[in-house]
Amino acid sequence: NAGVTQTPKFRILKIGQSMTLQCAQDMNHNYMYWYRQDPGMGLKLIYYSVGAGITDKGEVPNGYNVSRSTTEDFPLRLELAAPSQTSVYFCASSLGQAAGELFFGEGSRLTVL
Amino acid sequence: EDQVTQSPEALRLQEGESSSLNCSYTVSGLRGLFWYRQDPGKGPEFLFTLYSAGEEKEKERLKATLTKKESFLHITAPKPEDSATYLCAGTMIKAAGNKLTFGGGTRVLVKP
């Protein structure tokens, strides 16, 4: 099992560009999440999904969009990139509401210049 | 607002020097308290879940405990391979989607 796979691992964007961070899991987990992690700060939840076709906002959703058309995939779209979106992005999945264990991908490091 | 605070921010230990990390929380109606380990350039890796005050969990040199206001991660006789950032997180009873509120982490460096 690959677990949670994120691509790309690194990306540099210019201000105003758009891109999509890809996330795929092969554990048949219903719940998926996108977090961002800034230096010295905890992980902040951007968006989450409790199943295919269902998404909801987390703490810091502005400037991002998500979709969940399949159980396996949960892409994160950045529209009109800004320097404030420079961060490390983590995708995670879990089995369900009662399951506390989140499985994380290895992260995508994004720099906006 | 739900908040999770970890201290200290960084900890330097000699190999074999036991210590404790603190995680205090104001998460109302706590459903669970979670500890994760994060190595540089990697995603967090799950360690423990604690659900009620008085509960303890152990794994090798690590032991996590929970009170009504805080959790501790005790590292007994640490080795250099225990060097990592340790994150704690809490989730509310009423949190939809199993959302976790994370603390800022404690960076632990164990020197041989």
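Residues numbered from 1 in each chain as written. Chains lettered and ligands numbered in written order. Predicted model: local features only at pLDDT ≥ 70, side-chain atom pairs only at ≥ 80, totals over all residues. Heavy atoms only, no water.

**Q** Before we move on, can you summarise the sheet that holds strand β8 (residues 76-78) of chain A with the specific residues and values?
**A** Residue and element names in this part refer to chain A. The strand order across the open sheet formed by 4 strands is β1-β3-β8-β7, and the pairing between neighbours is antiparallel. Edge positions in the sheet fall to β1 (4-7) and β7 (64-66), since each has one partner strand and no second. When strand polarity is set aside, the average angle formed by the axes of neighbouring strands in this sheet is 20 degrees. (Pairing = 2+ DSSP bridges. Helix = DSSP H or I, 4+ residues; strand = E, 2+ residues; numbered from the N terminus. Axes fitted to C-alpha atoms, helices over the stretch in contact; angles between N-to-C directions.)

**Q** Describe the interface of chain A and chain B, and please don't skip the residues or the numbers.
**A** At the junction of the two partners, chain A supplies 23 residues and chain B supplies 20 residues. Here chain A meets chain B over a buried area of about 1,700 Å², counting both sides, of which 50% is carbon and sulfur. Scanning the region where chain A abuts chain B turns up 1 salt bridge. Across the pair B:Lys42 and A:Glu106 runs a salt bridge whose closest N-O atoms are separated by 3.3 Å. Contributions of two or more residues to the side of chain A that touches chain B are made by β4 (31-37), β5 (43-51) and β9 (87-94) of chain A. Residue classes in the side of chain A that touches chain B are distributed as 13 nonpolar, 8 polar and 2 charged. (Contact = heavy atoms within 4.5 Å. Buried area = accessible area lost by both parts, 1.4 Å probe. Salt bridge = Lys/Arg side-chain N within 4 Å of Asp/Glu carboxyl O. Nonpolar A, V, L, I, M, F, W, Y, C, P; charged D, E, K, R; others polar.)

**Q** An account of the state of the cysteines is needed here, citing residue identities and associated values.
**A** The final tally for this structure, using the stated rule, is 2 disulfides over all chains. Sulfur-sulfur distance for the disulfide between A:Cys23 and A:Cys91 comes to 1.9 Å. The S-S bond linking A:Cys23 to A:Cys91 shows a torsion near -70 degrees; that makes this disulfide left-handed. One end of the pair, A:Cys23, is in strand β3 (residues 19-25); the other, A:Cys91, is in strand β9, and 68 residues separate them in sequence. For A:Cys23, a relative accessible area of 2% gives the class buried. Accessibility expressed as a relative area gives 0% for A:Cys91, which makes it buried. Between B:Cys23 and B:Cys88 runs a disulfide, and the two sulfur atoms are separated by 1.9 Å. (Disulfide = S-S within 2.5 Å. Buried < 20%, exposed > 50% of the residue type's maximum accessible area, 1.4 Å probe, protein only.)

**Q** Any details on the packing of aromatic side chains? Residues and values, ideally.
**A** One pass over the structure, following the stated rule, counts 9 aromatic pairs over all chains. Residues A:Tyr64 and A:Tyr89 carry aromatic rings whose centres are separated by 5.8 Å and whose planes lie at 65 degrees to one another, so their mutual orientation is edge-to-face. Placement of A:Tyr64 in strand β7 and of A:Tyr89 in strand β9 is noted, with a sequence separation of 25 residues between them. For A:Tyr64, a relative accessible area of 4% puts it in the buried group. For the ring pair A:Phe90 and A:Phe104, a centre distance of 6.4 Å and an interplane angle of 85 degrees mean the geometry is edge-to-face. Taken together, the positions of A:Phe90 in strand β9 and A:Phe104 in strand β10 (residues 103-104) put the pair 14 residues apart, joining distant regions of the chain. Grouped by ring-pair contacts, the aromatic residues A:Tyr33, A:Tyr35, A:Phe90, A:Phe104, B:Tyr36, B:Phe46 and B:Phe102 constitute a single cluster. Looking at A:Arg68, its charged tip hangs above the ring of A:Phe74, at a distance of 6.0 Å from the centre. (Phe/Tyr/Trp six-rings, centres within 6.5 Å; stacked < 30°, edge-to-face > 60°. Lys NZ or Arg CZ within 6 Å of the ring centre and 35° of its normal.)

**Q** With reference to specific residues and values, describe the nonpolar core.
**A** The biggest cluster of nonpolar side chains holds 22 residues, and the ones touching the most others in it are B:Leu21, B:Leu33, B:Trp35, B:Leu73, B:Tyr86 and B:Val108. Looking at this core, the elements that each hand over two or more residues are β2 (10-14), β3 (19-25), β4 (30-38), β5 (45-50), β7 (62-66), β8 (70-75), β9 (84-92) and β11 (106-111) of chain B. With 19 residues, the next largest nonpolar core counts A:Val4, A:Leu78, A:Cys91 and A:Leu110 among its residues. (Core = buried A, V, L, I, M, F, W, Y, C linked by side-chain atoms within 4.5 Å.)

**Q** Summarise the environment of B:Gly105; cite the residues concerned and give the values.
**A** Residues and elements named next belong to chain B. Position of Gly 105 relative to the elements: it lies in the loop between β10 (101-102) and β11. Residues Gly 105 and Glu 58, 47 residues apart in the sequence, show an inter-C-alpha distance of 19 Å. Discounting residues that sit within four places of it in the chain, Gly 105 has contacts with Gln 6, Pro 8, Glu 9, Thr 85, Tyr 86 and Leu 87.

**Q** Can you explain unusual backbone geometry? Please cite residues and give values.
**A** Between A:Thr7 and the following residue, A:Pro8, the backbone shows a cis peptide bond with an omega angle of -5 degrees. Within the fold, A:Pro8 resides in the loop between β1 and β2 (10-13). A cis amide bond, omega -10 degrees, links B:Ser7 with the succeeding residue B:Pro8. One can find B:Pro8 in the loop between β1 (4-7) and β2. Phi angles above zero are rare outside glycine, and A:Leu80 is one such case at about 50 degrees.

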